[in-house]
Structure formats: C-alpha cells, structure tokens
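# Report on the structure
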Amino acid sequence: MPQANAKLNAFPVFMRVEGEAVAIVGGGEEALAKARLLDQSSAVLRIITNAAEAELLSFIAATGAVHIDAAYEAAHLEGATLVFAASGEEALDRRVAADARRLGIPVNAVDRPELCDFFTPALVNRAPVAIAIGTEGAGPVLAQILRSRIDRMLSPSLGALATLAASFRGAAERLPKGNGRRRFWSDFFAGAPARAVEAGELSQAHDAAVDLLVSNAPAAGHIALVGAGPGAEDLLTLRAHRLLMEADVIVYDALVPEAIVAMGRRDAERLPVGKRKGCHSKSQAEINALLVELGHAGKRVVRLKSGDPLVFGRAGEEIAALRDAGIAYEVVPGVTAAFAAAADFELPLTLRGVSSSMVFTTGHDLKGNSLPDWAKLAISGATVAVYMGRSVAAEVAGRLIEAGLSPDTAVAVVENASLGNRRRFHGTLADLPSLEARADLTGPVMTIIGDAVAGANFERSEPLAAHRHEGVASTAADGVEQ
Ligand code: SAH
C-alpha cells in the first residue's frame, strides 16, 4: 500500500496509437531511443529532422517510419497524437513543446521534465500485455532495474496467452457469473492452457481451454521435474524460477540448497524427500507414489532435483509413474554438476584436437569383470565426468589404468562446484585413489578425467597427491552422495 498521503503526480494511462501518427523531432541518439521505444507499438512514426545520424537513417529504412527531411516547422506536428521533442537542443525542444501545446497535442521533451505533459515509462512488452513503469523522472535507472526484474518473472509466451484469452472472452461470458467464471480464468492462466502455450502448442492450448469451458472438473494436477542446478541460486533457469513462484508444493532432494527452495512461492508446501545419509529419507517408490498422489489432488508440483533432472536424477522412474497414472508433467533442464565443475576450473570439456566427446558416468558400474563402454571411450580420448565417484575413486582409477589409460592422465576434482565454499584439486589418474580417504570433503564431489583436463586453470586448486597417504576413515564423506 502506498503511504497515506502519497499521491501520483503523473497518472498512468494506455494511449491508443494504432495507425496514429506520433511525431519525433530530432536526429541524434535521443530521437533514436524514442523511435525504438515507440516502434514497439503500431503507431506510424513521423521523424522530423534534416540532420539524421546514420543509425537513425538505418532505423527509418528498416521500419518504414515516415521521414520529414527538413528543418523543423510547427506544421510538421499537425495531426499527430503525441509529440516527442528529442533534438538534444534546448531552444528547439522548447519551441517544439510550445507548438505542440498550441496544437493541443501532448508533448514529451527528452530530459526536460518541466516541458513534459507526459513521461514515457520503462516498458515490459508482452503485447498485448504491457507493464509500464514510471518514476516521474526521479529514477530512470531504478525504472530499468524494476523493468528487468519484472521481465524475468514473466514468461516470454505471456503475450500469446493473453491473445488466446481474448479469443475466449465471449465464450467465458456465458459461464455463470462469479465463481464459475473466476475458476475458468484462474485455471486458464495457471493450468493446462497456460502450460501448452508455454510449450508453444497453441492448438493444444485452445483445446485445453475448450475442455475447461465444458467440464466442471476440478483443475488437474501437474508435476514439473525441475533441475535446480549445481547449487548456486543464480544458476537456476528463469523457467525453474517461474515454476517455483507458481508452485503449490515443492518436493526436493537433499542436495538442493535451502536457499533455492526458499525462492519458491511463500505459501507453497515444502516437502524434503531426503537421500541424506543418516536422515530419514523416502524410497524412490515412495517418492513416485507421493508425486502421483499430489497430481491426483490437483496440485501444481515442482519436483526439484540437483543439477539436471535427467542426469543421475532417477527422473526416468518418476516420469514412468506419472505417465502410468495419467498425470501431466514436464521436464525443465538444469545446469548439471559436470558443467559447473568445468566452469570452476575453466576446463574445456571438448578441446580441439584433444577430446571431441564426453561421458557422464558414475564409477558404480565398474564392479563386474568386463569394462563398461564408457571406459573404452575414456581410452579413446573422451573427457569423463564421474558422478558419485568419491567412494569408488580407487576402483575407477585402477580399472582405467589396467585397461590402458595412462596413469599420467590429468584429473580435476571439485567439491561443492559453483558454491562459495568450493574446493578444487588437481592431479593425475594415479593420484585419484587418495580421494576415498579424505575426511575433509563433506560436500558433493565431481571428478573429471581426460587429456582435455590438462587445459584447465589450476591456479586456485590444490594438488591431489599431497593427500595420497592420508588415512583417516571418512564418516560423513559419502553422506550427500546419492
Ligand atoms: N542430477 C545431478 C546429479 C545427481 S547425482 C546433476 O545433474 O548434477 C549426485 C552427484 O552429483 C554427487 O555425488 C556429485 O558427484 C555430483 N554433484 C552434484 N552437485 C555437485 C556440486 N555442486 N559439486 C560437485 N559435484 C556435484
């Protein structure tokens, strides 16, 4: 709520400009900035200047704006709906403002608030939806900051959704006034039609809206399997953030930091499903059942998984359960730990002439007699990212060396990749077994092996070999591995 007596000195309105002339006087960057802003509308731009700079000329050529290539005269403003004095010269801007006023046309003079009848807002454009931000000239930078915050919150497909909504207005009028109609629209904007538009499926969105119109069924549930990224909050995708803000329930794994869970809608129910050693955690079957139950109850669920949900995330099993139960779902990718670790080391995962393929693996499949395929790939030069590899580090190193990979092959290890408390280690395959005995690594650990690793930046990393003989048994070390 605004302060009790805070009044707006400029009141926002939306002006009809379709097909109307909007006059801009000026040939420099001020005029170009206004022209670009107005070009987001269907107004007919009339640019008055005999001193257009090159960039403005190419704008005019590209957009088909009307160019009056002459010294300014009041007559040039006639018939315009709005006037912008953007010449950059005070005397001329004053003249333009006075002329516009005489002609009864509202005028805006760039950077001269005292000459303005109206201010131009910072604009978030999702046509036909527009969000205009005004600060009455007090804080153009503030307006830009707000603009980009709001822009991030809104789906790029919001405009398409609003256009679809407009086409259903007539039909919705025939629904009973009050609750019935309100529920139709809230299911429309938060349910299946909105999701289909988001996925670019416009005809499916139309059908979903028709279904809503004819059925009285309660809203169907929806589960988003969302990658939370490696841990840093700002490595979350914008889509993940949006879904979190709309969620009724957030179901999350132990590796997802609280700070990310906290980014969800304030009223959302938060359900940790664990996989942290020593704490009670749900079995995969229990998690599948929970998701199905929430879906049947009509909830919008965000199932948050660390990294990418499709990389060692057991998403396949959850997808199968949801599909069997006929519950709608979608998958939102995330930054997988291998990518975060590579970034922390400035490590090129593919390196021209050195490595042109990459393997995501876990060391846990090395137990049998035959080498898994990925080991063969490693020997032929692939970069290997080992997930959950700490407790099997010796096995991984031993089997790879036995199979013919040089003990001198470079290895990079990151604990808590992407986070402030990350630790980096480097060494060779021969050093890798030392990882198993380290009691000081309590966070998740990513190991990257291969010749491309030699191209990394080891400036802020510690040698692995220094700890080769450290023999303290680990208690918590494997705790966060899944
Ligand atoms: N779906 C996740 C992986 C889950 S398996 C992803 O795509 O990243 C869990 C393993 O991922 C951990 O044992 C560890 O090897 C790795 N991991 C996850 N987050 C990590 C981080 N911040 N730093 C290093 N490794 C991480």
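Preceding this section is the structure that the text describes.
Residues numbered from 1 in each chain as written. Predicted model: local features only at pLDDT ≥ 70, side-chain atom pairs only at ≥ 80, totals over all residues. Heavy atoms only, no water.

### Side note on the packing of helix α6 (residues 179-190) against helix α8 (residues 202-214)
- For the pair α6 and α8, the least separation of the axes is 10 Å and the interaxial angle reads 155°. Taken together, the axis directions place α6 and α8 in an arrangement best described as roughly antiparallel. Crossing geometry of α6 relative to α8 is assigned as right-handed. Residues Phe-184, Asp-187 and Phe-188 of α6 form the contact with α8, whose participating residues are Ala-209, Leu-212 and Leu-213.
- Looking at side-chain class alone, the contact of α6 with α8 contains five nonpolar, no polar and one charged residues. (Axes fitted to C-alpha atoms, helices over the stretch in contact; angles between N-to-C directions. Helix = DSSP H or I, 4+ residues; strand = E, 2+ residues; numbered from the N terminus. Parallel < 35°, antiparallel > 145°, perpendicular 65-115°, else oblique. Left-handed = near helix turned anticlockwise from the far one by under 90°. Contact = heavy atoms within 4.5 Å. Nonpolar A, V, L, I, M, F, W, Y, C, P; charged D, E, K, R; others polar.)

### Focus: the site of the ligand
- Inspection of the region around the ligand gives 19 residues, with Asp-308, Val-311, Thr-336, Ala-417 and Val-445 positioned closest.
- Residue Pro-230 places a main-chain N or O atom 2.9 Å away from a nitrogen atom belonging to the ligand.
- Coverage of the ligand by the protein chains reaches 99% of its 540 Å² of free accessible surface.
- Taken together, the residues that form the shell around the ligand break down as 12 nonpolar, five polar and two charged.
- When residues of the shell around the ligand are assigned to domains, at least three fall in each of domain 3 (222-332) and domain 4 (338-467). (Near = heavy atom within 4 Å. Polar contact = N/O pair within 3.5 Å; in protein donor to acceptor, adjacent residues only side chain to side chain. Areas by Shrake-Rupley, 256 points an atom, 1.4 Å probe, with all protein chains shown as cover. Domains from an automatic or database assignment.)

### Observations concerning the pattern of salt bridges
- All chains considered together, the criterion is met by 21 salt bridges.
- Of the charged contacts, one joins Arg-36 and Glu-55 as a salt bridge, the two residues approaching to 3.4 Å between their closest N and O atoms. Within this pair, whereas Arg-36 is found in helix α1 (residues 29-38), its partner Glu-55 is found in helix α2 (residues 54-63), the two being separated by 19 residues in sequence.
- Judged by its relative accessible area of 46%, Arg-36 is partly exposed.
- With its nearest N and O atoms 3.7 Å apart, the salt bridge here joins Glu-114 to Arg-94. Of this pair, Glu-114 sits in the loop between β5 (107-109) and β6 (122-126) while Arg-94 sits in helix α3 (residues 90-103); the two residues are 20 residues apart in sequence, bridging distant segments of the chain.
- The partly exposed category is assigned to Arg-94, whose relative accessible area is 38%.
- Each of Asp-248, Arg-265, Asp-267 and Arg-300 takes part in one network of salt bridges that share partners. (Salt bridge = Lys/Arg side-chain N within 4 Å of Asp/Glu carboxyl O. Buried < 20%, exposed > 50% of the residue type's maximum accessible area, 1.4 Å probe, protein only.)

### A closer look at the sheet that holds strand β2 (residues 44-48)
- Ordered by their spatial adjacency, five strands build an open sheet running β3-β2-β1-β4-β5, and the pairing between neighbours is parallel. Here the strands that pair on one side only, and so sit at the sheet edges, are β3 (66-68) and β5. Going across the sheet, the axis of each strand differs from the next one's by a mean of 20°, ignoring polarity.
- Sheet topology places strand β4 (residues 80-85) next to β5; three bridges connect them, and they run parallel. Its bridge partner being in β5, Phe-84 is matched across the sheet by Asn-108.
- Against the sheet, α1 engages β1 (21-25), β2, β4 and β5, with an angle of about 165° to β1.
- Most of the contacts of α3 go to β4, to which it runs at about 160°, and overall it touches β1, β4 and β5. (Pairing = 2+ DSSP bridges.)

### What to know about the nonpolar core
- One finds Val-396, Leu-400, Val-413, Leu-429, Leu-432, Leu-435 and Ile-449 to be the most contacted residues of the largest nonpolar core, which totals 24 residues.
- Sorting the residues of this core by element identifies α14 (373-379), β14 (383-387), α15 (393-402), β15 (410-415) and β17 (445-449) as the ones contributing at least two each.
- A per-element tally of this core places α15 first, with four residues.
- Those residues within four positions of Ile-449 in sequence are excluded, and the remaining contacts are Ala-382, Thr-383, Val-384, Val-386, Val-396, Leu-400, Leu-405, Thr-409, Ala-410, Val-411, Leu-429 and Leu-432. (Core = buried A, V, L, I, M, F, W, Y, C linked by side-chain atoms within 4.5 Å.)

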